[in-house]
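Coordinates in review
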Amino acid sequence: MLHRRDGSRFPPDVTLGIQAKEFNLGFIRPDNLVSHGLRVFRCLLSSVSLFQVNVQDALNQAMDEELERDERVFLLGEEVAQYDGAYKVSRGLWKKYGDKRIIDTPVTEMGFAGIAVGAAFAGLRPICEFMTWNFSMQAIDQVINSAKTYYMSAGGQPVPIVFRGPNGSSAGKLTNIYCFAAWYGHCPGLKVVSPWNSEDARGLLKAAIRDDNPVVFKANELMYGVPFDLSEEVMPKVERQGAHITLVSHSRCVGFCLDAAAVLAKEGVECEVSIFTLSARVCELATFQLQVKQWRRRGWLLFLWATNKLCYFLIFFLHFICTYISVSVSYDQKELLDIRTATTHLKLG
Amino acid sequence: MECFIHASCGSTSGSVAMFCLVSRLFTPPFLTAASMVVSSRSYADFTPEATFDIKKVDLHRLEEGPPLTATLTREEGLKYYRTMQTIRRMELKADQLYKQKIIRGFCHLYDGQEACAVGIEGGITLSDHLITAYRAHGYTLTRGGTVREIMAELTGRRGGIAKGKGGSMHMYTKNFYGGNGIVGAQVPLGAGVALACKYLGNDQLCVSLYGDGAANQGQIFETYNMSSLWKLPIIFICENNQYGMGTSVERSSASTEYYKRGDYIPGLRVDGMDVLCVREATKFAADHCRSGKGPILMELQTYRYHGHSMSDPGVSYRTREEIQEVRSKSDPISMLKDRMLSNNMASIEELKEIDIAVRKEIEDAAQFATTDPEPPLDDLCSHIFATDQPFDVRGATPWTKLTSTS
């Protein structure tokens, strides 16, 4: 499907799946050795260890630490206790904390989401897990309206709740694969986070649990098994340095961006990959855009908001613009060109 | 149906008590039995305490129900009378202000149902929790709000209980969670509060109210299941005022026995126009919950005089005669007043004084609610997030920026 300009094919080792080890290694090349080296050096300076943890375990760790730290935190959802979590994110927590704090619910989303919000009203700090965010549609009223209470009570009634679950595409499925980042992102008063790697997942989940506001926490199921370096401190949000194009994305698509960047690097186009995980909210997106524009006087800014097999599309698209439209760094460009890609407007199960 | 009842009379002068029998029959179309009262005459002080017969409660999955008699002290009687009269007058004043367009938006009035709010509060304490739907003004008062704050909230002023940002359906006080706009959504929220009570082990319970219209909502049945499974200390109360907006119960529900709808949850059907009946039933239900037996369901049969909201005249789906009949035969305030007067627990002048005082309080509150300034524009975007740094919020256009503070 993809060819170089001279008609030859890409070598077979260019992978279009997410293989973290591979792009961690591919990540370190002569030109970015310095930036990567600086990163490692900084970690060493702050005497923290780098070890590999996958996203699932990072989330598990985050919940374990918060459950231990604060008696008011508890987890409820379908299969979170004795099944160890439908995607094993809550493995071992029921054995450690028991029935009181890790609660298996019946298959009644609207009911248990409402119960979780009510518990937050009364001073507890629930983590409400949806098996996937598709099922949250059954409970969307309770999620959205949890965000109104602090405002409508003029600050009298905070709602410190976290709604958690896997979001977006999965392998080989046509049903229950929708991405709800934009849906919930449009709700004022709701904080929506969508992390990619382990450190973001862990850090953001801890922050979400400690936050006094309703937080919608979306991870991608396919990322659960992917190991990343995990350190004690929060790492910078720019995953890859580059001068020509800035790619901004969230959740699993960050991986696609890194793949695309690796492919383009061979063509001589340097991509900076930046993670936009702090919020999927439209207005904060605009702020982010403005900030990037302010310090990047030139180049292309590409927002990637898709969730299905966009990798093919992205590499093709970028290949197209690099080969057929001259991108090779016109330093005279004063304007910053914005391109936003997203899922095809098609609602699957 | 006639019964002979004793009333205990603790007259300090020891004068001879005369027993006489008064029977009163209430026959609105949907209430079947009679309430009986015995009067006794004493020359000296007011009767400090009297026992009344109250209507028998229908039971579901319960061997025993609340007692058939209720004791009322003079202080309690005056307190209930004053609170019910305050709710009544406050709602009528709200009606008046709405017609003058000083109150706008939604306004769902509670007059006719005062016995429910006051009776429930008589059966629980302020450390227990309560959540209800949009017909919330009465509960805001019984849960610790003042008339000034409530009326200022209705007119949207900064002196309101939610600083003018909540309105009629979002009034909150300590252990009172509103005021909820989505029909039926408050019931799982109430179960969540009950879960927190059980989790924290504080021997508190939560009363979760809903109407006959909401009683068919799926999320309520989901809540019945989970609260029964986990034995949550929750009292589900269905305020059956016979009409869900404009739809009568016969037209909305295949089963109008709402107290049985909990199936495996024990239920009581209670006369919601009699404050003592409601109080005794609530006490019974509270004991049931606090003993760890899990949830219980109460159906209060009551009536609202106004329409569903201020935009509903309330006569297209029911007759004026029906409203008049209930008003004359089963009005909760009249019922309490008659009981107290015929038992010499208060004099008619005393009750008139209370009426005047209440009227004055409402007038003052209405005056405050009309003259208090509206919240400042800065408040428009405040309280979006709790304990956050101030941040900019996009206004209606991309170049308008407002600041949000927590």
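In this numbering scheme, every chain counts its residues from 1 along its sequence in written order. Working convention: letters from A go to chains and numbers from 1 go to ligands, in the order in which they are written. The model is predicted, so local features are restricted to residues of pLDDT at least 70 and side-chain atom pairs to those at 80 or more, both for listing and for counting; the totals for chains, interfaces and linings are taken over all residues. Computation of side-chain values covers all heavy atoms of the structure but excludes hydrogens and water.

Geometry of aromatic contacts follows a simple scheme: Phe, Tyr and Trp rings, the Trp one being its six-membered ring, pair when their centres are within 6.5 Å, and the pair is stacked under 30 degrees between planes, edge-to-face over 60, tilted otherwise. The tally for this structure, following the rule as stated, stands at 16 aromatic pairs over all chains. Seen in terms of ring centroids, A:Trp196 and A:Phe228 are 4.8 Å apart; in terms of plane orientation they differ by 70°. Their pairing is edge-to-face. One end of the pair, A:Trp196, is in the loop between strand E6 (191-193) and helix H9 (198-210); the other, A:Phe228, is in strand E8 (residues 227-230), and 32 residues separate them in sequence. The buried label goes to any residue with under 20% of its type's maximum accessible area, the exposed label to any with over 50%, and the partly exposed label to all in between, with areas taken from a 1.4 Å probe on protein chains only. When its relative accessible area of 5% is taken as the criterion, A:Phe228 is described as buried. Within the aromatic cluster, the residues linked to one another by ring pairs are A:Phe112, A:Phe130, A:Trp133, A:Phe163 and A:Tyr184. For A:Lys88, the ring lying beneath its charged end belongs to A:Tyr83, and the centroid distance is 4.3 Å. Sitting over the ring of B:Phe52, B:Arg339 keeps its end group 5.2 Å from the ring centre. A run of DSSP states H or I qualifies as a helix once it reaches four residues; a run of E qualifies as a strand once it reaches two. Both are numbered from the N-terminal end. Whether a charge sits over a ring comes down to the Lys NZ or Arg CZ being within 6 Å of the ring centre and within 35 degrees of the ring normal.

A word on the interface of chain B and chain A. Between chain B and chain A, the contact holds 36 residues from the first and 44 residues from the second. A buried area of about 3400 Å², summed over both sides, lies between chain B and chain A, and 68% of it is on carbon and sulfur atoms. What counts as a salt bridge is simple: a side-chain nitrogen of Lys or Arg found within 4 Å of a carboxyl oxygen of Asp or Glu. Taken together, the links from chain B to chain A amount to zero salt bridges. The definition of a polar contact used here is a pair of N or O atoms within 3.5 Å, where within protein one atom must be able to donate a hydrogen and the other to accept one, and adjacent residues in sequence count solely through side-chain atom pairs. Across the chain B-chain A interface, the total number found is 13 residue pairs in polar contact (both at pLDDT 80 or more). Every element with two or more residues in the side of chain B that touches chain A is listed here: helix H5 (186-200) and helix H6 (218-229) of chain B. Here the side of chain B that touches chain A gets nine residues from one element, more than from any other, and that element is H5(B). For this classification, the nonpolar set comprises Ala, Val, Leu, Ile, Met, Phe, Trp, Tyr, Cys and Pro, the charged set comprises Asp, Glu, Lys and Arg, and every other residue, Gly included, is treated as polar. Across the side of chain B that touches chain A, the residue classes tally to 20 nonpolar, ten polar and six charged. Every residue pair with non-hydrogen atoms within 4.5 Å of one another is taken to be in contact. Two parts placed together each lose some accessible area under a 1.4 Å probe, and the buried area is that loss summed for both.

Turning next to the pattern of salt bridges. Inspection of every chain in the model, using the stated rule, returns 29 salt bridges over all chains. Between A:Lys206 and A:Glu65 there is a salt bridge, with its nearest N and O atoms 2.3 Å apart. Of this pair, A:Lys206 sits in helix H9 while A:Glu65 sits in helix H3 (residues 55-69), and the two are 141 residues apart along the sequence. Accessibility expressed as a relative area gives 31% for A:Glu65, which makes it partly exposed. A salt bridge links B:Arg88 to B:Asp331, with the shortest nitrogen-to-oxygen separation between them at 2.8 Å. Taken together, the residues span a long stretch of sequence, with B:Arg88 in helix H1 (residues 74-99) and B:Asp331 in the loop between helix H9 (320-330) and helix H10 (332-342) at a distance of 243 residues. We classify B:Asp331 as buried; its relative accessible area is 6%. Taken together, the salt bridges that share partners define one network made up of A:Glu65, A:Glu66, A:Arg69, A:Lys206 and A:Arg210.

Attention shifts here to the pairing of strand E5 (residues 162-166) of chain A. All names here are of chain A. Across the five residues that make up E5, a large majority, five, are buried. Along E5, one buried face is formed by Val162, Arg164 and Pro166 and the opposite face, lined by Phe163 and Gly165, is buried too. Relative to E5, strand E4 (residues 125-129) runs parallel, the two sharing three bridges. Bridge pairing in E5 links Ile127 to Val162. Two strands are counted as paired when DSSP detects at least two bridges linking them. Taken together, the five bridges between E5 and strand E7 (residues 215-219) define a ladder with parallel strand orientation. Bridging from a neighbouring strand, Phe163 pairs with Val216 of E7.

With that settled, consider the side chain of B:Arg74. Residues and elements named next belong to chain B. Mapped onto the elements of the fold, Arg74 is located in helix H1. Assessed through its relative accessible area of 18%, Arg74 is described here as buried. Side chain to side chain, Arg74 and Glu350 meet in a polar contact 2.9 Å long.

Now for the nonpolar core. Soluble globular proteins tend to pack their nonpolar side chains together in the buried interior. We define the nonpolar core as a collection of buried residues of types Ala, Val, Leu, Ile, Met, Phe, Trp, Tyr and Cys that are connected through side-chain atoms lying within 4.5 Å of one another. Counting residues in each nonpolar core, the largest one holds 70 residues, and the members touching the most others are B:Ile120, B:Tyr139, B:Val207, B:Ile235 and B:Leu268. With nine residues, helix H8 (residues 275-290) of chain B is the single largest residue contributor to this core. When neighbours within four sequence positions are excluded, B:Ile120 is seen to be in contact with B:Ala115, B:Leu130, B:Tyr139, B:Val207, B:Leu209, B:Ile237, B:Val278, B:Thr282 and B:Leu300. In this structure, A:Phe130, A:Val143, B:Ala215 and B:Ile265 belong to the second largest nonpolar core, which totals 53 residues.

Our next topic: H3(A). The periodicity of an α-helix, 3.6 residues per turn, causes residues three or four places apart in sequence to face the same way. Under the convention used throughout, the expected extent of a helix is 1.5 Å for every residue step, that is, one less than its residue count. Between the first and last C-alpha of H3(A) there are 21 Å, a value that for 15 residues agrees with the 21 Å anticipated at 1.5 Å per step. Every buried residue belonging to H3(A) is among A:Val55, A:Gln56, A:Ala58, A:Leu59, A:Asn60, A:Ala62, A:Met63, A:Asp64, A:Glu66 and A:Leu67, and all of these are buried.

Residue and element names in this part refer to chain B. Overall, mixed pairing links the six strands, which are arranged E4-E11-E12-E8-E7-E6 in an open sheet. Each having just a single partner strand, strand E4 (58-60) and strand E6 (129-131) make up the two edges of the open sheet. Here the strands of the sheet are splayed against their neighbours by 20° on average, with no regard to which way each runs. Only the stretch in contact is used when a helix axis is fitted, and all axes are lines through C-alpha atoms; the angle between N-to-C directions ranges over 0 to 180 degrees.

Right, let's get into the UniProt feature "domain: Transketolase-like pyrimidine-binding" (unreviewed entry) in chain A. Within the UniProt annotation, "domain: Transketolase-like pyrimidine-binding" (unreviewed entry) is assigned to residues 53-226 of chain A. Annotated as residues 53-226 of chain A, this span is 36% helix and 16% strand, and its ends, taken at the C-alpha atoms, are 8 Å apart. UniProt positions are given in the numbering used here, feature names are shortened, and annotations may be inferred rather than shown by experiment.

With that settled, the discussion passes to the confidence of the model for chain B. Residue and element names in this part refer to chain B. The predicted model of chain B averages 90 in pLDDT, with 89% of residues at 70 or higher. Within a predicted model, pLDDT stands for the predictor's per-residue confidence, ranging from 0 to 100. Low pLDDT (under 50) marks residues 1-43, which in the prediction has 74 contacts with non-local residues, meaning those over four places away or in another chain. Here the predicted complex carries an ipTM of 0.85, next to a pTM of 0.77.

On the secondary structure map, A:Ser249 appears in strand E10 (residues 245-249). A sequence separation of 168 residues divides A:Ser249 from A:Ala81, and the C-alpha atoms of the two residues are 33 Å apart.

A few words on the confidence of the model for chain A. As a general rule, the predicted coordinates of low-pLDDT regions are not to be interpreted in detail. Residues and elements named next belong to chain A. For chain A, the mean per-residue pLDDT works out to 74, and 61% of the residues sit at or above 70. Low pLDDT, under 50, characterises residues 10-29; the predicted model gives this stretch 41 contacts beyond four residues in sequence or across chains. Across residues 294-299, confidence stays below pLDDT 50; counting only partners more than four residues off in sequence or on other chains, it has 18 contacts.

All names here are of chain B. For the purposes of this analysis, a disulfide is any pair of cysteine sulfur atoms at a distance within 2.5 Å. Within this structure, the stated rule accounts for zero disulfides over all chains. No disulfide involves Cys107; its sulfur sits 18 Å from the nearest other cysteine sulfur, which is in Cys116. For Cys107, a relative accessible area of 1% translates into the label buried. Of all cysteine sulfurs in the structure, the one in Cys116 sits closest to Cys238, which takes part in no disulfide; the separation is 10 Å.

The next point concerns the packing of H1(B) against H8(B). All names here are of chain B. At a minimum axis distance of 12 Å, the contact between H1 and H8 shows a crossing angle of 110°. The angle between H1 and H8 falls in the class roughly perpendicular. Contacts between H1 and H8 involve Glu76, Tyr80 and Met84 from the first element and Val275, Leu276 and Arg279 from the second. Among the residues forming the contact of H1 with H8, the class breakdown is four nonpolar, no polar and two charged. Orientation is classified from the angle alone, with under 35 degrees giving roughly parallel, over 145 giving roughly antiparallel, 65 to 115 giving roughly perpendicular, and any other angle giving oblique.

Quick look at the sheet that holds E7(A) now. Residues and elements named next belong to chain A. Reading across from one edge, E3-E2-E4-E5-E7-E6 is the order of the six strands in this open sheet, with parallel pairing throughout. Edge strands, defined here as strands with exactly one partner in the open sheet, are strand E3 (102-104) and E6. Neighbour-to-neighbour, the strand axes of the sheet open up by a mean angle of 20°, direction not taken into account. Where strand E2 (residues 73-77) and E3 come together, three bridges link them in parallel fashion. For Gly77, the partnering residue across the bridge sits in E3 and is Asp104. Set on the sheet, H9 makes contact with E2, E4, E5, E6 and E7; between it and E7 the angle comes to about 160°.

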